[in-house]
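Residues per chain, in single letters:
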Amino acid sequence: MFDLDRWQEIYHVLSKNKLRTFLTAFGVFWGIFMLVIMMGSGDGLKNGISQNFGDMATNSVFIWAQQTSVPYKGFTRGRRFDYENADVRALDEAIPEIKYLAPRTNVGGFNGASNVIRGLKSGSFQIFGDYPVFDSIDPVNLLQGRFINELDLKEKRKIVVIGLRVKELLFEKDENPVNQYIQINGVYFKVVGLFKSKRTGEAASFDNQRIHMPFTTCQKTYNMGDAIGFFNITSKDGIQVAIVEEKAIKVLKKRHAISPTDDAAIGHFNLEVEYKKMVGLFLGIRILVWIVGIGTLLAGVIGVSNIMLVVVKERTKEIGIQRALGATPRIVISQIITESVVLTTFSGYFGLTLGVGLLELINYLLDKSGANTEMFLHPGINFNVAITSLAILVVAGAFAGMVPARKAVSVKPIDALRYE
Amino acid sequence: MVDISNIHKTYITGNNKLHVLKGIDLKVDAGEMISVMGASGSGKSTLLNILGILDNHDHGEYILNGVRIENLNERKAAMLRNKFLGFVFQSFNLVSFKNAMENVALPLYYQNVKRKKRNAIAMEFLDRMGLKDWAHHLPNELSGGQKQRVAIARALIAKPKVILADEPTGALDSVTSQEVMDILTDINKNENITMLIVTHEHDIAKRTQKTIRITDGMITEIIKN
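A brief look at the structure comes next. Within any chain, residue numbers begin from 1 and follow the written order of that chain's sequence. Labels are handed out in written order, letters beginning with A for the chains and numbers beginning with 1 for the ligands. Local features are withheld for residues below a pLDDT of 70 in this predicted model, meaning they are given only at 70 or higher, and side-chain atom pairs are given and counted only at 80 or more; totals for whole chains, interfaces and linings count all residues. Side-chain numbers come from the whole structure's heavy atoms, not from hydrogens or water.

## Comments concerning the overall build of chain A
Quick reminder of the rule: Only DSSP runs of H or I reaching four residues or more are called helices, and only runs of E reaching two or more are called strands; each is numbered from the N terminus. Relative accessibility thresholds used throughout: buried, under 20% of the residue-type maximum; exposed, over 50%; partly exposed, between the two (1.4 Å probe, protein chains only). Whether two residues are in contact is decided by their heavy atoms, any of which lying within 4.5 Å being enough. Under the convention used here, a 1.4 Å probe and the Shrake-Rupley method define accessible areas, while residue burial counts only the protein chains that appear.
The number of helices and strands found in chain A is 14 helices and 14 strands. With respect to the three principal axes, the spread of C-alpha positions in chain A is 105 × 55 × 35 Å. Taking all 420 residues of chain A together, the buried fraction comes to 49%. Excluding contacts between residues fewer than 6 apart, the proportion of contacts in chain A whose partners are at least 24 apart in sequence is 79%. In the form shown here, chain A has an accessible surface area of approximately 20,700 Å², with 60% of it arising from carbon and sulfur atoms.

## Quick notes on the interface of chain A and chain B
The line we're drawing: Two parts placed together each lose some accessible area under a 1.4 Å probe, and the buried area is that loss summed for both. Criterion for a salt bridge: a side-chain nitrogen of Lys or Arg within 4 Å of a carboxyl oxygen of Asp or Glu. Asp, Glu, Lys and Arg are counted as charged, while Ala, Val, Leu, Ile, Met, Phe, Trp, Tyr, Cys and Pro are counted as nonpolar; the rest, among them Gly, fall into the polar class.
Each partner contributes residues to the interface: chain A has 25 residues there, and chain B has 29 residues. For the pair chain A and chain B, the summed buried surface comes to about 2,400 Å²; carbon and sulfur atoms form 58% of the total. For the chain A face of the interface with chain B, the top three residues by lost area are D5, Q8 and L325 of chain A, together amounting to 25%. Across the chain A-chain B interface, the total number found is five salt bridges. The residue K98 of chain B makes a salt bridge to D5 of chain A at a minimum N-O spacing of 2.9 Å. Elements with a contribution of two residues or more to the side of chain A that touches chain B: α1 (4-16), α11 (316-324), α12 (329-369) and α14 (413-418) of chain A. Among the residues making up the side of chain A that touches chain B, the classes are represented as 10 nonpolar, five polar and 10 charged.

## Brief notes about the side chain of N93 of chain B
Among the secondary structure elements, N93 of chain B is positioned in the loop between β6 (85-88) and α3 (100-109). Excluding residues within four positions of it along the chain, N93 of chain B makes contact with K317, I321 and L417 of chain A together with R154 of chain B.

## Observations regarding the sheet that holds strand β4 (residues 59-64) of chain B
All names here are of chain B. The criterion, for reference: For two strands to count as paired, DSSP must find a minimum of two bridges between them. Here an axis means a line fitted to C-alpha atoms, over the contact stretch when the element is a helix, while the angle between two N-to-C directions is reported on a 0 to 180 degree scale.
Pairing is antiparallel across the open sheet formed by four strands, whose spatial order is β2-β1-β4-β5. The sheet terminates laterally at β2 (16-28) and β5 (67-68), the two strands that pair on one side only. Pairing geometry for strand β1 (residues 2-13) and β2, over 10 bridges, is antiparallel. Opposite I4, over in β2, you have L26 as the bridge partner. Across the sheet, helix α1 (residues 44-51) touches β1, β2 and β4, and the angle it forms with β1 is around 115°.

## Some points on α1 of chain B
Quick reminder: α-helices carry 3.6 residues per turn. Residues three or four places apart thus point the same way. Residue and element names in this part refer to chain B. α1 sits mainly inside the fold: seven of its eight residues count as buried. Buried within α1 we find K44, T46, L47, L48, N49, I50 and L51. Positive phi shows up at I53, right after α1, with a value of about 55°.

## Focus on the packing of aromatic side chains
Two aromatic rings are characterised by how far apart their centres lie and by the angle between their planes. Where we set the bar: Centres within 6.5 Å are what make two rings of Phe, Tyr or Trp a pair, Trp counting through its six-membered ring; a difference in plane orientation under 30 degrees is then read as stacked, over 60 as edge-to-face, and the rest as tilted.
Under the defined criterion, the tally for this structure stands at 14 aromatic pairs over all chains. With 5.7 Å between their ring centres and 40° between their planes, F29 of chain A and F350 of chain A make a pair best called tilted. Placement of F29 of chain A in helix α2 (residues 18-50) and of F350 of chain A in helix α12 is noted, with a sequence separation of 321 residues between them. F29 of chain A gets classed as buried once you look at its relative accessible area, which sits at 10%. Here F87 of chain B and F89 of chain B contribute two aromatic rings whose centre-to-centre distance is 5.8 Å and whose plane-to-plane angle is 5°, an arrangement assigned as stacked. With respect to burial, F87 of chain B and F89 of chain B carry one shared label: buried.

## A short note on empty space enclosed by the protein
Spelled out, the test is: The pocket and cavity definitions rest on a 1 Å grid over protein atoms only: a 1.4 Å probe that fits but cannot leave marks a cavity, an open set with protein on both sides within 12 Å along at least five of seven lines marks a pocket, and residues lining either have an atom within 4 Å of a point. Grid points are joined across faces, edges and corners, and a volume is the space filled by probe spheres set on the points.
If you walk through the whole model with that rule in mind, you get five cavities of 30 Å³ or more. The volume enclosed by the largest cavity comes to roughly 90 Å³. Taken together, D5, R6, E9, Q322, I331, V332 and Q335 of chain A together with K98, L106, Y109 and Y110 of chain B make up the full set of residues lining the largest cavity. Contributions of two or more residues to the lining of the largest cavity are made by α1 and α12 of chain A together with α3 of chain B. Grouping the amino acids of the lining of the largest cavity by side-chain chemistry returns five nonpolar, two polar and four charged. Of the pockets and cavities examined, the second largest cavity occupies roughly 60 Å³.

Here it is in structure tokens:
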């Protein structure tokens, strides 16, 4: 219920010494402001880094062939070898924990010479031979047409799915690339799909320069025999991909006569480990932000408590009069706690609003300037956190008022009345 | 109305013990108007504070309107003060940020009377004190006599059984003092409210029915005026 007398008293107390009230409020304001800004920035950093993963299954591992480093079974060290189609079935049979197994080949390396031609236009792109499951491991946004399917694979169809950047470089602006032909290393392929990366920034422009064709088509067209460039494997849900990784390496070592002690022969990259490291890092940042933020907030709240003590001391006589007239300890205590809660909540709310406002401004400016958002994207704090911190403020305000309030009623009324 | 027997009170400050009240016996009937006189330090204010449940006694018995005052918690004490007692102080003790009307209404605020109702009642009491036009003035805009009249209105509003006045005229000139005493005697007569007035002015004491003299924490003399 709204109690005008109570608010009149709160106003009187807080406005009596405006500078003091302002400085006290500033402590709380600054605490919550810093908390919001730091959390927002932490999130921004996380968003920036996470975008490099797109929708890629993070429980995946890449395995490729390098040179052996240990002589084994009559082979000398430094031997080169290729994975072959039979490895796919062997891996599938030996490791039940595999969810998706995508063998891949690629034509030409990174940033090679011009390898794709269409009419007078040409460009240099990354060409991959893929299984349809690849789209489940590292999904893309299909803008037009379709991705590779099983029939393409079976019939070794000469079709490709191209990235957005490929389309931009080889086709006119309003041209529909689907059902058009492009020439890759001298062979014509029909375009059946156009995609856009789910990532943003530099990672996206990389993705958008890819061309995918059926795995079998790639092997046959470019005389690769049954050689496989590399494997991309994901584990079943709930199973660490490291288990799959270890087993797969064991199987492959055995099949290719590689010494069990040879760590250099098989190249592998465990995305999950990297991802976990990153998640751990962000957790660390978050914990740090909370510790520092709560610490700053606490300093502000202690400031409030301190000032309330001074206020209670100054008002000793006034409180004494009220008690002589029949104010129960409950009334006095709740009055002082309300003052403290009002002060913290008001200044805290202000800090929260200003913090969120500043984050939004940064967001807007980042978007508008088109700055490189590789490391920092959409800073912001989630609604729950904002509500939680407000709740913390109210509770903290109540606690800040508790000690002064107790002190106010611990004095005997007569001593309070005599106080000058 | 007020019945105390063998009241003792000792103040302890550090190593010093100060035995202020040394066995006070006093019976005040309903509707009596009594003044308490004594030199400073004699214990007259302490007696009034104990009667006002603002302080507690160490030893003895205190019965106020049939209620035994002993080992009360602060909440109970506050409620008894609110219900049975009205206070008038030498320094008026008005709440500085509340206007005259709100000051008068304060005891009713603690009884959870609605703001509109209690302010209306407060206006009635101010009117009786001749201060209706000053109702919306803050205490620092009032003269000493006006302030004391506001304080008296405040002491009356909750319809107490006993009014305790600690040097009510101590800060007033003689003319205003007599005015304030006029008001107090009127109230005593018309409303039959028991009144205890601590004073060291003979003029004031003479206007009460009985004067009690306290010397060194004991009642040494009771004079009928």
